[in-house]
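Each chain, written out:
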Amino acid sequence: MTSTVPPMVSGGYPVVGHLFEMLRDRESLFKRGYAEHGDVFTMKLGPQQVAVITGADYNQEMYTQTDKALNMQDGYSFLKESIGEVLFTASKEAYYNQRPALMQVFRRERMVDYIQAMNIEVQRWLDSLGQMGEVDITQAMLHLTQAVAGRAFIGPDYEEELGPEFWEHYGAISASLDPVLPPNLPLPKFRRRDQAKKKINEKLNSLIQKRREHPEQYDDLITTLLTTPLKDGSILPDDTIVTMFMGLIFAGHETTAGQAAWLIALLLQHPDYLDLVKTEIHEHVTYGQPIDAGVLHDLTHIYYAIDETTRMRPSADTQIRTVEAPIMIGEYEIPVGWRMMVSSATSHFKTDVFENPYEFDPLRYSPERGEGKNPFAIVGFGGGIHKCTGMNFAKNEMAVITSLFFQQFQAELLSDDIQVVSGNGANHPSEVRVRYQRKPLSKLTDANTIREGVEGGCPHMQQHAATEAATEQE
Ligand code: HEM
């Protein structure tokens, strides 16, 4: 039997094929291809043929063939100019050599410190909100996730160490990402990217030098990267530490911000489920005490909601590979030189896997219902060897944000038509405008604890009490 390539999705134009539709609205493109041809179809991005696949079995094939018949790096080559050659943009050899350093950054014991950093920064954000007001959660999450990354990866002095311009420079790099244009065209956005990279390199190199001179004073990401032997026994050179840092920020910042904003929006849109979450918070999260790994372990409804957000509104809605050896997907053979993409727009809504897939229904992940158990059914964090190394970091961060926000505030969603905004780094929601009101301290804890907290110097309880007193006086 001779095998054939998958059938072509309708639409597309001469020369460019489906490129512009892919950039503008890939969700509709993927859904159309699925409706026309089922789990495997072809689209054309300019001259490039791409096989788009759906469903756990084919997704698994793509993830497990990565670094064998499939190459991960080529698809992300548009990132190289911005973040350098590291992680998913590095060669296979370099990636496996650097992997011990990556594993060290996310080892279990480190998570304890990361969760502490999350508590501090989320509480600082909440303290800054005042007694009542309105906030765009989409924007707020971008800032909050920066602060969490700064404290978790650089330490308590991150603001001073990174300086106020760091995130501006990072923004210029992120805004320059372009999967279509050659990265060295003389365009203003590429010039701004190159200036920003220079500044960030200078800054991070100075932080590396400080840690190299006084390693005993630091216990942070840079020190971990400076001291962890790679597979070949060598240590990461300084310029790779800079790119690793930037790669991790790129992988984790906008992705987490977008998904955290969707999580809050979806919870506010589904008050019945939010009530379950609030009950769980009331039972397990003690006001004034940090949320630790033990508390997080008890928050099942929040984690179901996080999984449901990943399914319905993934920040990373597709991933791409290049075919290096012919690979069979069902009855089709995908030839060398083609690309392959997973599609959350279709995989996450398969009716034979998810009951009423277009409904927000986090309880589908409860043990009684057990939906989405197959690790390849939901691809929002990827799969296989390259599955998101920061997944637990991101999920814990979202859990801490949700717990402390709904513990301390009443919130009402004002935006009524929230749309997915596609980005090159990650998708995020359009504005999520929320009106909030701080809950009175007396509703959060008893009078003794408030007095002890305020007298004992607990900064956020002092802040909370002061804000309340000021409001009463007004
Ligand atoms: C909601 C937030 C996040 C989402 C949706 C997300 C999504 C993903 C996805 C889909 C991949 C696989 C890419 C592929 O197979 O082509 C990935 C890989 C990766 N992510 Fe995340 N990510 C998130 C947060 C984070 C965070 C917070 C970090 C670190 C601080 C991080 C670090 C990484 C790294 C290092 C990889 C590459 C793993 C490897 O190649 O072995 N991610 N992420």
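Residues numbered from 1 in each chain as written. Predicted model: local features only at pLDDT ≥ 70, side-chain atom pairs only at ≥ 80, totals over all residues. Heavy atoms only, no water.

A. Representation of the coordination of the iron atom of the ligand within the structure. Among protein residues, the single donor to the iron atom of the ligand is Cys388 (SG), with a metal-donor distance of 2.3 Å. Among the secondary structure elements, cysteine 388 is positioned in the loop between α15 (344-347) and α16 (391-408). (Donors = N, O, S within 2.8 Å, 3.2 Å for Na, K, Ca; no water. Helix = DSSP H or I, 4+ residues; strand = E, 2+ residues; numbered from the N terminus.)

B. Region of interest: the site of the ligand. Taken together, 29 residues surround the ligand, and among them Tyr76, Tyr95, Arg321, His386 and Cys388 come closest. Mapped onto the shell around the ligand, the elements with two or more residues apiece are α4 (92-105), α11 (238-269) and α16. Counting residues per element, the shell around the ligand draws most heavily on α11, at six residues. When grouped by side-chain class, the residues that make up the shell around the ligand number 17 nonpolar, ten polar and two charged. (Near = heavy atom within 4 Å. Nonpolar A, V, L, I, M, F, W, Y, C, P; charged D, E, K, R; others polar.)

C. Representation of the side chain of asparagine 427. Note that asparagine 427 resides in the loop between β10 (420-421) and β11 (428-429). Engagement of the side chain of asparagine 427 in a polar contact is seen with the side chain of aspartate 317, the distance being 3.3 Å. With residues near it in sequence (within four places) discarded, asparagine 427 still touches Arg26, Gly258, Pro314, Ser315, Asp317, Val420, Val421 and Ser422. (Polar contact = N/O pair within 3.5 Å; in protein donor to acceptor, adjacent residues only side chain to side chain. Contact = heavy atoms within 4.5 Å.)

D. Geometry of empty space enclosed by the protein. In the structure shown here, the tally under the stated rule is one cavity of 30 Å³ or more. What lines the largest cavity is Phe78, Glu81, Ser82, Ser176, Leu177, Asp178, Pro183, Phe190 and Arg193. Elements with a contribution of two residues or more to the lining of the largest cavity: α3 (80-83) and α9 (188-213). (1 Å grid on protein atoms, 1.4 Å probe; cavity = no way out; pocket = protein on both sides within 12 Å on 5 of 7 lines; lining within 4 Å. Points joined across faces, edges and corners; volume = space filled by probe spheres on them.)

E. Highlighting helix α2 (residues 56-64). Among all positions in α2, only Ala56, Asn59, Met62 and Tyr63 are buried. What you see down the axis of α2 is that its buried residues fit within an arc of 120 degrees, all on one side. Those residues of α2 that are buried are in contact with β2 (48-53), β3 (70-71), β5 (320-323), β8 (339-342) and α15. (Buried < 20%, exposed > 50% of the residue type's maximum accessible area, 1.4 Å probe, protein only. Arc of directions from axis to C-beta.)

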